Amino acid sequence: MLETLQQLDRELLLTLNGMHAPYWDNFMWLVSAKLTWGAMYATLLYILCRNFNWRVVAATTVAIVLVIAFADQMCSSVIRPAVERMRPSNPDNPISEFVHILHGKRGGRYGFPSCHAANSFALAFFITFLFRQRAISLFLLFWAVLNSYSRIYLGVHYPGDLIAGMLVGLIGAGLIYAVYRFFLRQPRTASILAYTEKDRLLLQHPAQIRYTRSTLLIGGLTILVLALYSGIALLWN
């Protein structure tokens, strides 16, 4: 059964990774870069700052950092050393000669689960639980899927690596969010964080949190800029 799943995973990787073109080489390379989404991340902090007092913002920021740290370390420090599944791009992997690689980047030796997928989905799911607004939730989940797919395109992860990473991200987001909500509901928390009536209202009814469209705007503009730049770079070369 396991061998059958691994074979399907390899075949799906080769099929998806094989659908490449110079334009998408540029685009997916940029999508996968860590600094590409900095402006979008900043909008999430902006939303928190515009809606809550600084203590609530600080507590929520700590929760987000813990979510991403949990997802990243669970993948890189716990599961990968235990499973030791080589990346498809690893030169020691027989499949590597059939994999489309960009700029010689092959990643580390092991790739199960994907840290990119775990971190992306951890953030997307936590914000989904936190804001409970359809538009930003759908956009961030789309972003997490796009970010994850870029790893298949670059040949550094199997689809199964991404699915496992997504599950790690979901578990991490769910656990940390549960602790976060428990903390916020404690009587002493109100005095520690100095809740205002506005803070209480928004924490109880997060659908009323404002300025979430800023993430949609900046995230959408980022994708548009990547798309345009990829085309211009192709023409320039």
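Sequence positions are assigned chain by chain, starting from 1 and proceeding in written order. Confidence filtering applies because this is a predicted model: local features only for residues at pLDDT of at least 70, side-chain atom pairs given and counted only at 80 or more, and all residues used for totals across whole chains, interfaces and linings. Values reported for side chains reflect all heavy atoms of the structure, with hydrogen atoms and water molecules removed beforehand.

> What's the story with helix H4 (residues 54–83) in this structure? I'm lost.
Because an α-helix completes one turn every 3.6 residues, residues spaced three or four positions apart along the sequence face the same direction. Numbering goes from the N terminus for both helices and strands, where a helix is a DSSP run of H or I of at least four residues and a strand is a run of E of at least two. One fewer than the residue count of a helix, multiplied by 1.5 Å, yields its expected span. Counted at 1.5 Å a residue, the expected span for H4 with its 30 residues is 44 Å, and the 42 Å between its end C-alpha atoms agrees. In H4, a bend of some 35° at Met 74 exceeds every other bend along the element. Note on classification: 1.4 Å probe, protein chains only; a residue is buried when its accessible area is under 20% of the maximum for its type, exposed when over 50%, partly exposed between these limits. Those residues of H4 lying buried are Val 56, Val 57, Ala 59, Thr 60, Ala 63, Ile 64, Val 67, Ala 71, Cys 75 and Arg 80. Against helix H3 (38–51), helix H5 (115–131), helix H7 (159–184), helix H8 (187–193) and helix H9 (197–204) lie the buried residues of H4. Side-chain atoms alone can form a polar contact between residues adjacent in sequence; in general such a contact is a pair of N or O atoms within 3.5 Å, and within protein one must be able to donate a hydrogen while the other accepts it. For H4, the capping residue at the N-terminal end is Asn 53, with a side-chain oxygen 2.7 Å from the backbone nitrogen of Arg 55. Phi turns positive, to about 55°, at Glu 84, one or two residues after H4. The seven residues ending at a residue and the seven starting there each receive a fitted axis; the angle between those axes is the bend at that residue. Throughout, a contact is declared for two residues whenever any of their heavy atoms are within 4.5 Å.

> Hey, could you run me through the packing of aromatic side chains in this one?
Between two aromatic rings, the relevant description is the distance of the centres plus the angle of the planes. Ring geometry is summarised as follows: Phe, Tyr and Trp rings, the Trp one being its six-membered ring, pair when their centres sit within 6.5 Å, and such pairs are stacked at plane angles under 30 degrees, edge-to-face over 60 and tilted between the two. Counted under the stated rule, the structure contains twelve aromatic pairs. Ring geometry for Tyr 177 against Tyr 180: centres 6.2 Å apart, planes inclined by 35°, an arrangement best described as tilted. Residue Tyr 177 and its partner Tyr 180 are both found in helix H7; the two are separated by three residues, about one turn of the helix. Accessibility expressed as a relative area gives 11% for Tyr 177, which makes it buried.

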